Amino acid sequence: MGKVHVLDHPLIQHKVTYIRDKQTGTKEFRELVDEVAMLMAFEITRNLPLQEKTIETPVMEAQSQVLAGKKIGLIPILRAGLGMVDGMLKLIPAARVGHVGLYRDPETLKPHEYYLKLPSDIEERELIVIDPMLATGGSANDAIHSLKKRGAKQIRLMCLVAAPEGVEVIQNDHPDVDIFLAALDDKLNDHGYIVPGLGDAGDRLYGTK
Ligand code: URA
């Protein structure tokens, strides 16, 4: 079963408190999400493989370490996922970015993928799917299925806030996918919002209603 990592670094937790606060306006919300995404990138990439490299310091030849060429792909789910991409790219500037847009047909309840653009070599990349709010888990679950169908082999899921219901869906359907969260909340309410949550992440990021 995929592991759930709640990233409880004090800086992340502090910023998440202000992200949750309904008094926080769009500009500050966006900045905080960007900062949390950057801090989360630091933790998510903790186990990337390293390799030795010989360099010349001004003093002598030395053996040092560089990333072992592991290629990363960021896959934000539209639209709220976009809010975390720039923060991630500050620490992983060479990552490629693919985009997934989906909605559930209200009648058939089947996922409808209205947009998909991926790096050509996703099977060689460590993919990080970005879905800030893991509520029912439907979108992240469908996006991961879609990536696997196209050859993806290594996938991690990154969320700002998750409900236990969404975590369970991903763990059942994708036991190979580790989940990285800033917070694991109590539950979903009757309207599908995460409780206590932060409201609609897309609306708060982009100032829509
Ligand atoms: N999507 C959101 O943006 N917020 C929630 O609480 C649940 C889903």
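Calculation rules
Residues numbered from 1 in each chain as written. Predicted model: local features only at pLDDT ≥ 70, side-chain atom pairs only at ≥ 80, totals over all residues. Heavy atoms only, no water. UniProt positions renumbered as here; feature names shortened; annotations may be inferred. Near = heavy atom within 4 Å. Polar contact = N/O pair within 3.5 Å; in protein donor to acceptor, adjacent residues only side chain to side chain. Areas by Shrake-Rupley, 256 points an atom, 1.4 Å probe, with all protein chains shown as cover. 1 Å grid on protein atoms, 1.4 Å probe; cavity = no way out; pocket = protein on both sides within 12 Å on 5 of 7 lines; lining within 4 Å. Sits in = over half its atoms within 2 Å of the grid points. Nonpolar A, V, L, I, M, F, W, Y, C, P; charged D, E, K, R; others polar. Buried < 20%, exposed > 50% of the residue type's maximum accessible area, 1.4 Å probe, protein only. Helix = DSSP H or I, 4+ residues; strand = E, 2+ residues; numbered from the N terminus. Arc of directions from axis to C-beta. Contact = heavy atoms within 4.5 Å.

In the annotation of an unreviewed UniProt entry, the entry for the protein chain reads Uracil phosphoribosyltransferase, and the organism field reads Lentibacillus salinarum. Quoted straight from UniProt, the Function (unreviewed entry) entry for the protein chain says "Catalyzes the conversion of uracil and 5-phospho-alpha-D-ribose 1-diphosphate (PRPP) to UMP and diphosphate." What UniProt states about the protein chain under its Catalytic activity (unreviewed entry) heading is, verbatim, "UMP + diphosphate = 5-phospho-alpha-D-ribose 1-diphosphate + uracil".

(A) Geometry of the site of the ligand. All residues adjacent to the ligand are Met133, Ala135, Gly192, Tyr193, Ile194, Gly199, Asp200 and Ala201. Here Gly199 contributes a backbone N or O atom positioned 2.7 Å from a nitrogen atom of the ligand. In this structure, Ala201 approaches the ligand through a main-chain N or O atom, which is 2.8 Å from an oxygen atom. In isolation the ligand has 240 Å² of accessible area, and contact with the protein removes 83% of it. More than half of the atoms belonging to the ligand lie within 2 Å of the grid points that define the largest pocket. Across the shell around the ligand, the residue classes break down as 5 nonpolar, 2 polar and 1 charged.

(B) The arrangement of helix H5 (residues 164-173) in detail. Burial in H5 covers these residues: Gly166, Val167, Ile170 and Gln171. What you see down the axis of H5 is that its buried residues fit within an arc of 130 degrees, all on one side. Among the exposed residues of H5, those pointing more than 90 degrees away from its buried face are Glu168 and Asn172. Tucked inside the fold, the buried residues of H5 contact strand E1 (4-6), strand E9 (133-134), helix H4 (138-149), strand E10 (154-162) and strand E11 (178-184).

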